[in-house]
Every structure is written in structure tokens, then in C-alpha cells.
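Chains, contacts and geometry: an overview
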Amino acid sequence: MGTIYMDHNATTATDPRVLEAMLPYFVEMYGNPSSPYGLAQDTRDAIEWARATVARALSCGESEIIFTSGGTESDNIAIKGVALANLARRGHVITTQIEHHAVLHSCEYLRDHLGFEVTFLPVDGDGVVDPEQVEGACRDDTVLISVMYANNEVGTIEPLEEIGRIARARGIAFHSDAVQAVGKIPVDVRALGVDFLAMSAHKLYGPKGTGALYVRQGSRLHAHSHGGSHERGMRPGTENVAGIVGLAKALELAVADIEAEGARLAGLAKRLVDGIVERIPDVSLNGHPTKRIPGTANLAFHYVEGESIVLALDMEGFSVSTGSACTTDSPDPSHVLRAMGVKSNIAQGSVRFGLGRENVVEDVDRLLAVLPGIVERLRAISPLAPGGS
Ligand SMILES: Cc1ncc(COP(=O)(O)O)c(C=O)c1O
């Protein structure tokens, strides 16, 4: 039996149709898109096809898409770019305590090295940011609000439209890390009212190392990386043509099927959560019960270490994780669960299931067949369990 992969929030396998679209750009059509001759025209055309495809998927203009090396770089370009555009007066930035480190650490950089003040807003027990708190935190010198669209650990979807209205009314730039949302739920940048929106190909069955940033026409943004004039000077460097084509193809495929696949994954996740709660006592759901990215379910198994469950499931052929792939090396409890007020002993028992395109009902049922035994075994030897050893 092969591995049953249930960690699609960490990354996804590249779809064979995406790989097929990318392959010609490695050997046959290898021209540098900036070169003047015919060989390069193909690669230039491919990038512009990709830009039009991504723009259509996000409901924006083609000139508003910048290709990058991934979600992290997109977040950095937006956050540091707004800060650099406001360097003369410095000012204030609002973000949340549950952002990905690409946003959190960028904001900390603005605070520690560029002289900005940063407010890290709390969230409620479901991981939702209160738009009223965003409004309350706004100051005359606030230059940027950055709130993620969907959280990578618990899947909670944030009220971006309301926050977008607040930002627009006050003339504050609004950035959203939508790495976990694009390709999973419909994303319309105009309706959301964002000025910047980050996405990444490898979360939606595209290649690793490619992403995009939506930059609303007329936004004030300075480059933080310097070189050639590629991507309107915001992301200098010879373009990753195959990656860019892969990103666009992956997004095109995801968007074509987004409602049906979303409903299917939400159904699978419900089967998984209901099945676990029915079979295993003392389990709680982390994240919003309904406003969640389809396919994501983060569950806390009380009295056991999530890490031990992950390892035991790995032995049974299942790939799941305790939380963000970027923080699995850290022994600290997840900053997301902490911000949601989850007690640290409960947070330690949390496991993230990220269902995706290749998962079927039988995968969930197989998991349900082995997980109760694993948790029971671990609880029997856990010093955390009531009456435990
Ligand atoms: C919410 C979020 N933002 C940003 C990133 C970083 O994206 P990338 O791996 O493309 O740099 C991730 C990936 O884990 C993510 O989940």
C-alpha cells in the first residue's frame, strides 16, 4: 500500500497536466524572455499567457500580476515594498498574531530595523480576526494592514471584505497572504478590496518555487530587491518560465473545478471529523467549525502528543502533520493555537489533516480504522492522561 498523503496544506504533488505544460520550457523553448530573437518570443508569449490566466482567475488586470519565487517572496515584496514607499514618515502597520512567518517576520523586520510600529491583533477562539478591532487599531499614521485570507494551520477564513472596506475608507494599503485560499475558494481581488494579494503554486498542484503577487494599479510600492526591470522592477531576475507556466496551468485547472472540488473536500473533511469524534473521546476541533478552507481539519487529541500521533500514522502509511511545515522543527506550541487561546497541553496534542485532490472516501475510512487504536495505545502510556503513567 502506498502512502496516503493528507498534508496538502504543506504542499501538493505537481499535477501531471501541469508538468506536461511546463516541460517544453526546459529544453526546447529555453530562450531568455528578455532576448530580442525569435527563440525568446515563445518564452515571452508563455509568460504573458500565464499573466493573463492568473489575472482572469483573480479578477484583475494583467498588468497587476507580478511573478515571484513563491508565497514568502510575494509577502516580502508587498510588506517591505509598502514600508519602503513610506520610509520618509515611517508609521504604523497592523497585522494579526496568526499570520504565517513570511508575514510575521517581515513585520518584525519593519519594527526592529526600519522604525515602524506594529500592532499584532489577537483573534477569537475560532481564529477569526474582528474587523472592529482592525478599525480600532487604525491610526492616522497607519500605512499597511496585512491579514491572511485563510490560516494554514487551522483553515479559518478571515473576513477580508469587511477589513478591505475599512482600509479603503481610510486610504490604508491592504495586503493579504492568500497562499492557502487561492485555488481552494474563489478569490476576487476587487470584491475583497485588497491592494496586494500573495499566492503560491505549490499549494495548488503546481511547482515549488513559483508564486505571484497581485498589485493593484496605482499602489505605492518600492522594490526591495534590485537588478533588471523584470516584473515591473518589483522582482528583478530572469523569469522562471517553466514555473510561471506551471503556476498558471495549475490555477486554471483549480479554478475550473473549484466549487465541485470544494464541496467534495468539505464532505471528506466532515466525514473525517465526525468519524474521529464518534470513535475517540476527548477530541476537539481547532479553528472555525464552518468558515474553513475545504479539506482542512485540525484536531486536538487530549492527553497525547500530536507528534507521536504523526509518527504512528506515518508507520501506518499516512502523511499528516502537527501544524505548519515551516515550524515542525520548533518545540514551541504553535503560535496560531496559542493566539486562539488553546491551552498548551491541548495544543500539543493537535494534528492537522489537509485533504486534497487525490484523497477519496476510502482514504478517510482507512484512517478511521487505525487512528482510534493509535490514540488509545498512546494514551495508555501517556503521563498526560488522567491516571496515566
Ligand atoms: C499562509 C502561508 N503563507 C506563506 C507561505 C509560504 O509560501 P512558499 O512556501 O511558497 O514560500 C505558506 C506556505 O507554507 C503559507 O501556508
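Structure: above.
Residues numbered from 1 in each chain as written. Predicted model: local features only at pLDDT ≥ 70, side-chain atom pairs only at ≥ 80, totals over all residues.

1. Some remarks on the overall build of the chain
Heads up, the condition is: Runs of E in the DSSP output that reach at least two residues are strands. Runs of H or I that reach at least four are helices, and both are numbered from the N terminus. Radius of gyration means the value over C-alpha atoms here, while the globule rule gives 2.2 Å times the residue count to the 0.38 power. Residue burial here comes from a neighbour count, namely the number of other C-beta atoms, placed from the backbone, that lie within 10 Å of the residue's own C-beta, with 20 or more meaning buried, 12 or fewer meaning exposed, and in between meaning partly exposed.
For the chain, the helix and strand inventory stands at 14 helices and 12 strands. Taking 21 Å as the expected radius of gyration for a compact globule of 389 residues, we find that the chain reaches 22 Å, a close match to that expectation. Overall, the C-alpha framework of the chain stretches about 70 × 55 × 35 Å when taken along its three principal axes. A total of 389 residues make up the chain; the buried ones form 49% of that total.

2. Some details on the sheet that holds strand 2 (residues 65–68)
Our working definition: Two strands pair under a simple rule: DSSP has to find at least two bridges between them. Simply put, an axis is a line fit to the C-alpha atoms, just over the touching stretch for a helix, and the angle between two N-to-C directions goes from 0 to 180 degrees. This entry defines residue contacts through backbone-placed C-beta atoms, with two residues in contact when those atoms are within 7 Å.
Spatial ordering of the open sheet is given by 2-8-7-6-5-3-4, a layout of seven strands whose pairing is mixed. Edge strands, defined here as strands with exactly one partner in the open sheet, are strand 2 and strand 4 (117–121). Each strand of the sheet is rotated relative to its neighbour by a mean of 20 degrees, with strand direction disregarded. Relative to strand 2, helix 3 (residues 38–58) is tilted by about 115 degrees, and along the sheet it contacts strand 2, strand 7 (196–200) and strand 8 (211–215).

3. Here's the deal with the site of the ligand
To be explicit about the condition: As used in this record, a residue near a molecule or strand is one whose C-beta atom, placed from the backbone, is within 6 Å of it. Throughout, the ten residues Ala, Val, Leu, Ile, Met, Phe, Trp, Tyr, Cys and Pro are labelled nonpolar, Asp, Glu, Lys and Arg are labelled charged, and all others, Gly among them, are labelled polar.
Surrounding the ligand, one finds 15 residues, the nearest of these being Gly70, Gly71, Thr72, Asn152 and Ser200. A class-by-class count of the residues in the shell around the ligand yields five nonpolar, nine polar and one charged.

4. Some remarks on the sheet that holds strand 9 (residues 283–286)
One open sheet accounts for three strands, arranged 9-10-12; its pairing is antiparallel. Only two strands of the sheet have a single neighbouring strand rather than two, namely strand 9 and strand 12 (350–354). Ignoring strand direction, the axes of neighbouring strands in this sheet form an average angle of 30 degrees. Here strand 10 (residues 296–301) pairs with strand 12 via five bridges, running antiparallel. Bridge pairing in strand 12 links Ala300 to Ser350. Its contacts with the sheet put helix 10 (residues 258–279) on strand 9, strand 10 and strand 12, and the angle it makes with strand 10 is roughly 15 degrees.

5. A short note on unusual backbone geometry
Outside of glycine, negative phi angles account for most residues, and trans bonds account for most peptide bonds. Phi angles above zero are rare outside glycine, and Arg90 is one such case at about 55 degrees. Structurally, the position occupied by Arg90 is in the loop between helix 4 (71–85) and strand 3 (92–96). With a phi angle near 50 degrees, Arg232 is a residue other than glycine that sits in the positive phi range. Accessibility expressed as a C-beta count within 10 Å gives 14 for Arg232, which makes it partly exposed.

6. Thoughts on the pairing of strand 2
Of the two faces of strand 2, the one lined by Ile65 and Phe67 and the one lined by Ile66 and Thr68 are each fully buried. Two elements, strand 2 and strand 8, share four bridges in a ladder whose sense is antiparallel. By the bridge assignment for strand 8, Phe67 is matched with Ala212.

7. Here we look at the packing of helix 3 against helix 9 (residues 241–256)
Rules: Reported orientations rely on four angle classes, namely roughly parallel under 35 degrees, roughly antiparallel over 145, roughly perpendicular from 65 to 115, and oblique for the rest. Should the near helix be turned anticlockwise from the far one by less than a right angle, the crossing is termed left-handed; should it be turned clockwise, right-handed.
As a packed pair, helix 3 and helix 9 sit with axes 9 Å apart at the nearest point and diverge in direction by 30 degrees. Between helix 3 and helix 9, the interaxial angle falls into the category roughly parallel. When the axes of helix 3 and helix 9 are compared, the crossing they make is left-handed. Note on element contacts: helix 9 touches helix 3 through Val241, Ile244, Val245, Leu247, Ala248, Leu251, Glu252 and Val255, opposite Thr43, Ala46, Ile47, Trp49, Ala50, Thr53, Val54 and Ala57. In the contact of helix 3 with helix 9, the residues fall into 13 nonpolar, two polar and one charged.

8. Brief notes about the environment of Ala223
With respect to the helices and strands, Ala223 occurs in the loop between strand 8 and helix 9. Ala223 sits 147 residues away from Asn76 along the chain, and the two C-alpha atoms are 10 Å apart. Discounting residues that sit within four places of it in the chain, Ala223 has contacts with Gly81, Gly233 and Met234.

9. As for the pairing of strand 6 (residues 173–177)
Selection rule: By definition, the crossover connecting two strands over a helix is right-handed if that path, from the first strand to the second, turns clockwise as seen with the strands pointing away from the viewer.
Judged by how many residues are buried, strand 6 sits mostly within the fold: five of five residues are covered. Along strand 6, one buried face is formed by Ala173, His175 and Asp177 and the opposite face, lined by Phe174 and Ser176, is buried too. Two strands pair when backbone bridges link them, and strand 5 (residues 142–146) and strand 6 are joined in this way by three bridges, in the parallel orientation. What sits directly across from Ser146, in strand 6, is His175. In terms of handedness, the path from strand 5 via helix 7 (residues 160–170) over to strand 6 forms a crossover that is right-handed. In this sheet, strand 7 lies alongside strand 6 in parallel orientation, the contact comprising three bridges. Its bridge partner being in strand 7, His175 is matched across the sheet by Phe196.

10. Examining the environment of Arg170
Among the structural elements, Arg170 can be located in helix 7. By the C-beta count within 10 Å, which is 14 here, Arg170 ends up partly exposed.

11. A word on the environment of Thr96
Relative to the elements of secondary structure, Thr96 occurs in strand 3. The contacts of Thr96, once residues within four sequence positions are left out, are Phe120, Leu121, Val123, Val129 and Val147.

Structural measurements only, silent on function.
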